[in-house]
Amino acid sequence: ALLARSAGGERVEAAAVRLRRSDGTLVPAEISLWRAAGDTGAVQGMVTPRSAEGAVESTLAERTAALARSQAELEEMAYAVSHDLRQPLTQVVRFLDLFAEESAGRAGKEGARLLGEARASAARLEAMVDAVLRLARIESRAGRFAQVDLAPLVARVAARLEPERAALDGRIECAALPLVQGDEAQLELLFHNLLDNALKFHAAAPPRIRIECAEEAGAWHLRVEDNGVGVPAKDEARIFALFQRLHTASEAPGTGIGLALCRRVVAHHGGRIWVESRPGGGSTFHFTLAHRPQLPAAA
């Protein structure tokens, strides 16, 4: 059960268990589990004996320090990769632009088309490099959790998406939303990605989006429901992985990182995210936010 929770993106912190020795006796312990960096699907964990209070406190401090090092290393790696990739990418774009200037009027229609595709591909790769860095910073650059009013937060997101909504004659409805504990910037990113996707992947009818919330034991359960194209059942888990897209770049712009960011943000707030959908029948994205998520360490 603990593995299933952690595989879904939830971080399990010091869950109390009893382990059975080979002689049949039971030993109290704590198990912590978290998804490995890089969205590989691997789960890392630690088992801590609870026989001595001092040992538990010492191991907890060691685990906290190790986790902080892991997050710092992840951001350092992401920065190094993005920096090393961005320089040659910038040169590629520059050379393409120079070639376009030099061959203006001589490349022909097909040459101009291929040059445009090369330029678009380079720009998309630049966006993906930046997206990797944003993903790595979800936890390492997070602010401290504070009380966040979701109603004005969602209103701000909807205002930024007003041009897209108006162009599609769409509608965004919002039921009463609570005050939650969290990182306001990350929660704004979460709602922006979900609402932007709901507008982007619309069906023939004008998009209709509704946000609802219900209280559960220890968490808020939020729903973002739309009447869009839907998600095939076989892809409902895959869409939350890094760079996984169900549509080509020509069909829908984007880097394929939005829902991976959503999953990371929700996990950082002690919750999980999933989707219920049927092709052509719209989608409902569910996510939970813990009433009392664990406070992140100071940056």
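What counts as what
- Residues numbered from 1 in each chain as written.
- Predicted model: local features only at pLDDT ≥ 70, side-chain atom pairs only at ≥ 80, totals over all residues.
- Heavy atoms only, no water.
- Pairing = 2+ DSSP bridges.
- Helix = DSSP H or I, 4+ residues; strand = E, 2+ residues; numbered from the N terminus.
- Axes fitted to C-alpha atoms, helices over the stretch in contact; angles between N-to-C directions.
- Buried < 20%, exposed > 50% of the residue type's maximum accessible area, 1.4 Å probe, protein only.
- Salt bridge = Lys/Arg side-chain N within 4 Å of Asp/Glu carboxyl O.
- Arc of directions from axis to C-beta.
- Contact = heavy atoms within 4.5 Å.
- Polar contact = N/O pair within 3.5 Å; in protein donor to acceptor, adjacent residues only side chain to side chain.
- pLDDT = per-residue confidence, 0-100.
- Left-handed = near helix turned anticlockwise from the far one by under 90°.
- Nonpolar A, V, L, I, M, F, W, Y, C, P; charged D, E, K, R; others polar.

Thoughts on the sheet that holds strand 5 (residues 171–174)
Here comes step 1: Spatial ordering of the open sheet is given by 5-7-8-10-9, a layout of 5 strands whose pairing is mixed. The strands lining the two open edges of the sheet, one partner per strand, are strand 5 and strand 9 (273–277). Strand-to-strand twist in this sheet, taken as the mean axis angle between neighbours without regard to direction, amounts to 20°.
Here comes step 2: The pairing of strand 7 (residues 208–216) with strand 8 (residues 219–225) spans 7 bridges and is classified as antiparallel. The partner of Glu212 across the bridge, within strand 8, is Arg223.

Considering the sheet that holds strand 3 (residues 43–49)
To summarise the sheet geometry, strands pair through backbone hydrogen bonds and adopt either a parallel or an antiparallel arrangement.
Here comes step 1: Taken together, the 3 strands give an open sheet; going across it, the order is 1-2-3, and neighbouring strands pair in antiparallel fashion. Across the chains shown, the open sheet's two edge strands, defined by having one partner strand only, are strand 1 (12–20) and strand 3. Taking the axes of each pair of neighbouring strands and ignoring which way they run, one obtains an average angle of 30° across the sheet.
Here comes step 2: The pairing of strand 2 (residues 26–35) with strand 3 spans 7 bridges and is antiparallel. Of the residues in strand 3, the one forming a bridge with Glu30 is Thr48.

What about the pairing of strand 9?
Here comes step 1: Every second residue of strand 9 is oriented toward a common face, the buried set being Ile273, Val275 and Ser277 and the non-buried set Trp274 and Glu276.
Here comes step 2: As defined by bridge partners, strand 9 adjoins strand 10 (residues 283–290) across 5 bridges and the pair is classed as antiparallel. The residue of strand 10 that forms the bridge with Trp274 is His286.

Focus on unusual backbone geometry
Here comes step 1: Non-glycine residue Asp169 carries a positive phi angle of around 55°.
Here comes step 2: If you trace the backbone, Asp169 turns up in the loop between helix 5 (162–167) and strand 5.

Regarding the pattern of salt bridges
Here comes step 1: Counted according to the given criterion, the structure contains 13 salt bridges.
Here comes step 2: We note a salt bridge from Arg113 to Glu117, for which the minimum N-O separation is 2.6 Å. Taken together, the residues Arg113 and Glu117, both in helix 3 (residues 108–140) and 4 residues apart, mark about one turn of the helix.
Here comes step 3: Note on Arg113: relative accessible area 40%, which makes it partly exposed.
Here comes step 4: Its relative accessible area of 42% is what places Glu117 among the partly exposed residues.
Here comes step 5: A salt bridge links Arg223 to Glu212, with the nearest nitrogen and oxygen atoms 3.5 Å apart. One end of the pair, Arg223, is in strand 8; the other, Glu212, is in strand 7, with 11 residues separating them in the sequence.
Here comes step 6: Its relative accessible area of 27% is what places Arg223 among the partly exposed residues.

Thoughts on helix 4 (residues 150–160)
Given 3.6 residues per helical turn, the α-helix brings residues three or four places apart onto the same face.
Here comes step 1: By the burial criterion, the buried members of helix 4 are Leu150, Leu153, Val154 and Val157. The buried side chains of helix 4 occupy one side of the element, clustering within an arc of 95° when seen end-on.
Here comes step 2: Here the buried face of helix 4 lies against strand 4 (146–149), strand 5, strand 6 (179–182), helix 6 (184–200), strand 7 and strand 8.
Here comes step 3: N-capping of helix 4 is provided by Asp149, with a side-chain oxygen placed 3.2 Å from the backbone N of Ala151.

Thoughts on the confidence of the model for the chain
Detail in the predicted coordinates should be disregarded across regions flagged by low pLDDT.
Here comes step 1: Averaged over every residue, the pLDDT of the chain is 79; residues scoring 70 or more account for 75%.
Here comes step 2: When mean pLDDT is compared element by element in the chain, strand 8 scores highest at 96, while helix 2 (residues 53–102) scores lowest at 65.
Here comes step 3: Across residues 247–252 the pLDDT falls below 50, and counting only partners more than four positions away or on other chains, this stretch makes 7 contacts in the model.

Quick word on the pairing of strand 8
Here comes step 1: Counted residue by residue, strand 8 has 5 buried out of 7 residues, so it is predominantly covered.
Here comes step 2: Joining the antiparallel neighbours strand 7 and strand 8 is a turn of 2 residues, in which Gly218 adopts a positive phi near 80°.
Here comes step 3: As paired strands, strand 8 and strand 10 are joined by 7 bridges and run antiparallel to one another. Across the sheet, residue Ala219 finds its bridge partner in strand 10, namely Ala290.

A look at the packing of helix 6 against helix 7 (residues 258–268)
Here comes step 1: Running from N to C, helix 6 and helix 7 cross one another at 145°; their axes reach a closest spacing of 9 Å. When the axes of helix 6 and helix 7 are compared, the crossing they make is left-handed. Judged by residue contacts, Gln186, Leu187, Leu189, Leu190, Asn193, Leu194 and Asn197 of helix 6 engage Gly258, Leu259, Leu261, Cys262, Val265, Val266 and His268 from helix 7.
Here comes step 2: A class-by-class count of the residues in the contact of helix 6 with helix 7 yields 9 nonpolar, 5 polar and no charged.

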